[in-house]
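# Overview (structure and organization)
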Protein chains: 2
Amino acid sequence: MRIKRLLPLVFLLMQGCATPGLRGTGDLGVVVERATGKVQVVETTGRSVLGEVAGLGDLSHATVVFSRDERYAYVFGRDGGLTKVDVLSRRIVKRVVQSGNSIGGAISTDGKLVAAANYMPGGVKFFNSDTLEQVAEIPAIGKDGKGSKVVGLVDAPGDRFVFTLYDAGEIWLADMKDPTHPVVSKFTGIGKEPYDALITPNSRYYVAGLFGENGLALLDLWHPEKGVKRILGDYGKGEQRLPVYKMPHLEGWGFYDHYAFVPGVGHHEVVVIDTNTWTQAAAIPVAGQPVFVVGQPGSHRIWVNFAFPDNGAVQVIDAATRQVIKTLQPGLGVLFLEFTPRGENVWVSARDSGKLVVYDTADFKKLTELPSDKPSGIFFTPRAHKIGW
Amino acid sequence: MRIKRLLPLVFLLMQGCATPGLRGTGDLGVVVERATGKVQVVETTGRSVLGEVAGLGDLSHATVVFSRDERYAYVFGRDGGLTKVDVLSRRIVKRVVQSGNSIGGAISTDGKLVAAANYMPGGVKFFNSDTLEQVAEIPAIGKDGKGSKVVGLVDAPGDRFVFTLYDAGEIWLADMKDPTHPVVSKFTGIGKEPYDALITPNSRYYVAGLFGENGLALLDLWHPEKGVKRILGDYGKGEQRLPVYKMPHLEGWGFYDHYAFVPGVGHHEVVVIDTNTWTQAAAIPVAGQPVFVVGQPGSHRIWVNFAFPDNGAVQVIDAATRQVIKTLQPGLGVLFLEFTPRGENVWVSARDSGKLVVYDTADFKKLTELPSDKPSGIFFTPRAHKIGW
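Let me begin by describing the structure that accompanies this report. (Residues numbered from 1 in each chain as written. Chains lettered and ligands numbered in written order. Predicted model: local features only at pLDDT ≥ 70, side-chain atom pairs only at ≥ 80, totals over all residues. Heavy atoms only, no water.)

Residues and elements named next belong to chain A. Ordered in space as β16-β17-β18-β19, the four strands form an open sheet in which the pairing is antiparallel. The sheet terminates laterally at β16 (194–199) and β19 (228–231), the two strands that pair on one side only. Across this sheet, the average inter-strand angle for adjacent strands is 25 degrees, counted without regard to direction. Pairing of strand β18 (residues 216–220) with β19 involves four bridges; the strand directions are antiparallel. Pairing of L218 across the sheet is with K229, part of β19. (Pairing = 2+ DSSP bridges. Helix = DSSP H or I, 4+ residues; strand = E, 2+ residues; numbered from the N terminus. Axes fitted to C-alpha atoms, helices over the stretch in contact; angles between N-to-C directions.)

Here it is as structure tokens:
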């Protein structure tokens, strides 16, 4: 064999080497392209799209968590698909269809377990994060003896997971330190139809929104023995029932002093909660029904997007003065906001305009626009290091 | 040329490819081996040492910050050396000796500027994070017209940096959005000899410890127009002056509700501060003079190490009950504690025992020991995503 015949091989080896090359993973992210079952891999330093990964199934309402080394994205699809994507090589490592209908996922503190919350059949399944082999399952049979949809699944410190039983009206706290022997604490009668939940930034409180009645359900994870407390009895009061897909998300409340800023259900307002008393302190008028109300890292600014028909706007509130200080129009159908971890930029997905828009949070200047096919969720790798995300 | 002659080349290319291979950077860290001018590169998933990088100069009291992609560690040596280390390939990318004597560094929110605080000559120098070329300098000439040592340097949101002038007793807030035109706000007469500082976890307050008198100096970064406030007038009161190298560090206070837990200067106690009033609420007796008092992420546990002669112990306080719940003996000369970002493990450096000790924070079980040559600071890459670290 002559050198000429070997050259293509050498070239191939070098190319295998070079693309994609050695690089850090701290400034990467994935963007869900919901209509086509793809994710874009993006980077936030040069603000560009690195590539796409296809074949992820039905990605409407998809969520993503990351491995603790920030290399792998676990994508939970609405169709029950769970796909492990290598964001470095931009390929699918493994894909399983784990249920008929899923609504979210989480990863354990030690990174070993990936959990998926299921609508149909209900319950939570746990998978080895390396292989995606199922290692445990917690069926969601409520006190009423019936199976329940599971929603509001988040990880909690100490390899625990918290979730709500939508139909049964319960919060369950599962200790998965030993996955072969889950230890489940059940809190029953916590309210009707808990539909979404969050963990506060100090990882202490689990707060579930109630679709079937007013108020919120609060569990102190540092003192679970105190049980679940009902807070904000007036929250959502007097509203007509809205379809679930229009309910606001509870993730990512903004905070200032001991005040939390949350979406007002069915109102054109952001509600200010005094977290010392867990009562409503004020309401801030905004441009529409808030969907996400999220605090900018390191700042007292709160960013808000809205439900249809006001979903072309994004508003920024100064939490100190409780005033709207800026209204942006990134595009049509704004579904999601994601901050870079230290808050200098925010990425916005405008589904109906088919683009991502990146802003400088200091001066609201548009830094770039990137084409994206009906983008919804944007998830940056530093989420790997956060509890309850 | 025949294939035999080409094979070594092919092999070399493949090897260049393979070592070190493609991997995520979210679970990496560097450990300062102070006596030998080296850093170890470690990973926290399998808990192992991946390799060493030598030639970093005098690393006593060295600190480290990371690039926003988590690939590069910037190591600030006591000798004024600033070294950029690629933690993936484990080699030095660039090294400059930027001053005669340095005490710390920081990196801007956008990741473009690396800043070094200097003792000799005083002032802060700013470097392009890619090339380490100097792009700006702020000489530290106090109101008294004299040059001052600079300490307590941290980054703040919006490409700002905060630092103290030790000799002049001032706090400076530098806006480096345009590095060619630094905008510096100066707060004078803030107290005698500010020797160290921190930013609180919500990135709001800059708190400087005073070596020359009692109390602490507090700057609200969200409202700098309100000026610097003196708090905790009794903090350190009645103490003999101690050598600076025995002063406690202020980084990483623990928090519970609105209480902060900080080292008691010269006392065998951890001081509890009510952050609503910024007054002392309690004091918790501990095994020695605290050096670091750090909150475990996602938890109400506070970990403490101690000055000589009690520097073989580490104590854990339950912030809810304000009781010491555990005393560990990791080894001799415990200098530093670093938590994995979600708090499931803590890494401890025991300088005089020549080892790193890793604990499970849930049950205090020792998970592993790793040999290390007089280790001091331990810095994990997720620091890249934090403000004021």
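Time to look at the relation of the copies chain A and chain B. Superposing chain A onto chain B requires a rotation of 180 degrees together with a translation of 0.0 Å along the rotation axis, leaving an RMSD of 0.0 Å. Taken together, these values place the two copies in the relation of a two-fold axis. Comparing interface residues between copies, 100% of those in chain A also sit at the interface in chain B, which points to an isologous, same-surface contact. (Least-squares fit on C-alpha atoms with pLDDT ≥ 70 in both. Contact = heavy atoms within 4.5 Å.)

The rolling of a water-molecule-sized probe over the atoms marks out the regions of remaining empty space. Of the volumes computed, that of the second largest pocket is approximately 630 Å³. If you trace the second largest pocket, you find 34 residues lining it, with A:P157, A:G158, A:D159, A:K177 and B:A362 closest to the centre. Looking at side-chain class alone, the lining of the second largest pocket contains eleven nonpolar, eleven polar and twelve charged residues. (1 Å grid on protein atoms, 1.4 Å probe; cavity = no way out; pocket = protein on both sides within 12 Å on 5 of 7 lines; lining within 4 Å. Points joined across faces, edges and corners; volume = space filled by probe spheres on them. Nonpolar A, V, L, I, M, F, W, Y, C, P; charged D, E, K, R; others polar.)

Under the counting rule described, the total for this entry stands at 18 aromatic pairs over all chains. Note on A:Y205 and A:W278: the rings are 5.5 Å apart at their centroids and 75 degrees apart in plane angle, and the pair reads as edge-to-face. Of the two residues, A:Y205 is situated in strand β17 (residues 205–210) and A:W278 in the loop between β22 (269–274) and β23 (279–285); the sequence distance between them amounts to 73 residues. As far as burial versus exposure is concerned, A:Y205 and A:W278 are alike and both buried. Note on B:F163 and B:W172: the rings are 6.0 Å apart at their centroids and 55 degrees apart in plane angle, and the pair reads as tilted. Residue classification places B:F163 among the buried positions, given a relative accessible area of 0%. Three or more aromatic residues link up through ring pairs in this structure, and these residues are A:F292, A:F336 and A:F379. The ring of A:Y119 is capped by A:K149, whose NZ or CZ atom sits 5.7 Å from the centre of that ring. Just above the ring of A:Y259 sits the side chain of A:R322; from NZ or CZ to the centre is 4.7 Å. (Phe/Tyr/Trp six-rings, centres within 6.5 Å; stacked < 30°, edge-to-face > 60°. Buried < 20%, exposed > 50% of the residue type's maximum accessible area, 1.4 Å probe, protein only. Lys NZ or Arg CZ within 6 Å of the ring centre and 35° of its normal.)

Further remarks concern the pattern of salt bridges. Applying the stated criterion to the full structure yields 32 salt bridges over all chains. The residue A:D155 makes a salt bridge to B:R342 at a minimum N-O spacing of 2.8 Å. One end of the pair, A:D155, is in strand β12 (residues 150–156); the other, B:R342, is in the loop between β28 (334–339) and β29 (345–350), on a second chain. Its relative accessible area of 5% is what places B:R342 among the buried residues. Between B:K149 and B:D167 there is a salt bridge, with the nearest N and O atoms lying 3.7 Å from each other. Of the two residues, B:K149 is situated in the loop between β11 (134–138) and β12 (150–156) and B:D167 in the loop between β13 (160–165) and β14 (170–175); the sequence distance between them amounts to 18 residues. Taking the relative accessible area as the measure of exposure, B:K149 reaches 27% and is therefore partly exposed. Residues joined by salt bridges that share partners form a network here, namely A:D159, A:K177 and B:D360. (Salt bridge = Lys/Arg side-chain N within 4 Å of Asp/Glu carboxyl O.)

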